[in-house]
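Residues per chain, in single letters:
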Amino acid sequence: MTAADPDVDAFTRPYWQAAGEGRLLLRRCAACGRTHHYPREFCPHCWSEDVTWERASGRATLYTWSVVHRNDLPPFGERVPYVAAVVDLAEGPRMMTEVVGVPEADLRIGMDLEVTFRAEGGLAVPVFGPPSEG
């Protein structure tokens, strides 16, 4: 584990286990019906605690990005340059992530992306790349 690794606890364990199985989970509020990401024990929209895990489609569009050329924190320094991004998930929430497999010159706001997972520090971390064919 490094300083950049997320904390896995009893609450977030289902999220990380699903990621390890190639599934992205969101939280959905039974009171207002909205989804949110990052996982919280309450709804950030209406404050209800009646929230459950739900499988996301894995589809997203690129909202914004920045190409990072220098980062001294492990494990990021080993993979510069990389594309730090914010995506709009098909279910509504925005998510901070990394875009992989897309040349910098091809990045466009609104481009379609799909979740994939990268093994990192014993976890599977969601990142986004071009949609799979078929």
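Our subject in this report is the structure included herewith.

Here is what the cut-offs are and how they apply
Residues numbered from 1 in each chain as written. Predicted model: local features only at pLDDT ≥ 70, side-chain atom pairs only at ≥ 80, totals over all residues. Heavy atoms only, no water. Pairing = 2+ DSSP bridges. Helix = DSSP H or I, 4+ residues; strand = E, 2+ residues; numbered from the N terminus. Polar contact = N/O pair within 3.5 Å; in protein donor to acceptor, adjacent residues only side chain to side chain. Patch = residues over 30% accessible without salt bridge, like charges linked within 9 Å, V, L, I, M, F, W, Y side chains within 5 Å. Areas by Shrake-Rupley, 256 points an atom, 1.4 Å probe, with all protein chains shown as cover. Salt bridge = Lys/Arg side-chain N within 4 Å of Asp/Glu carboxyl O. Lys, Arg positive; Asp, Glu negative; His and termini not counted. Charge placed at Lys NZ, Arg CZ, Asp CG, Glu CD. Buried < 20%, exposed > 50% of the residue type's maximum accessible area, 1.4 Å probe, protein only. Phe/Tyr/Trp six-rings, centres within 6.5 Å; stacked < 30°, edge-to-face > 60°. Lys NZ or Arg CZ within 6 Å of the ring centre and 35° of its normal.

1. Regarding the sheet that holds strand β3 (residues 51-55)
The strand order across the open sheet formed by three strands is β2-β1-β3, and the pairing between neighbours is antiparallel. The open sheet terminates on both sides in strands that have one partner only, identified here as β2 (35-36) and β3. Summarising the sheet, strand β1 (residues 25-29) and β3 pair through five bridges and their orientation is antiparallel. Bridging from a neighbouring strand, R28 pairs with T52 of β3.

2. Section: the side chain of E98
Its place among the elements puts E98 in strand β6 (residues 94-99). Among the polar contacts listed, one links the side chain of E98 to the side chain of R118, at a separation of 2.7 Å.

3. Description of a negative patch on the surface
A surface patch of like charges, here negative, comprises D7, D9, E41 and E49. When you line up the elements, E49 lands in the loop between β2 and β3. For E49, a relative accessible area of 69% translates into the label exposed.

4. A word on the packing of aromatic side chains
Per the stated rule, a full pass over the model turns up four aromatic pairs. Between Y15 and W16, the ring centres sit 4.9 Å apart and the planes meet at 90°, which makes this aromatic pair edge-to-face. Judged by its relative accessible area of 6%, Y15 is buried. Each ring, one from F42 and one from W47, has its centre 5.1 Å from the other, and the planes form 10°; the classification is stacked. Classification of F42 by relative accessible area gives partly exposed; the value is 29%. Above the face of the W53 ring, R27 is positioned so that its terminal group lies 4.6 Å from the ring centre.

5. Describing unusual backbone geometry
For the peptide bond that leads from H37 to Y38, omega is 15°, which places it in the cis range. Positionally, Y38 belongs in the loop between β2 and β3. The amide bond that connects V80 to the next residue, P81, takes the cis arrangement and shows omega of -10°. With respect to the element layout, P81 can be found in the loop between β4 (59-68) and β5 (82-89). Even without a glycine there, the phi angle at W47 is positive, about 70°. Tracing the chain through its elements places W47 in the loop between β2 and β3. Among the residues examined, W47 registers a relative accessible area of 60% and is labelled exposed.

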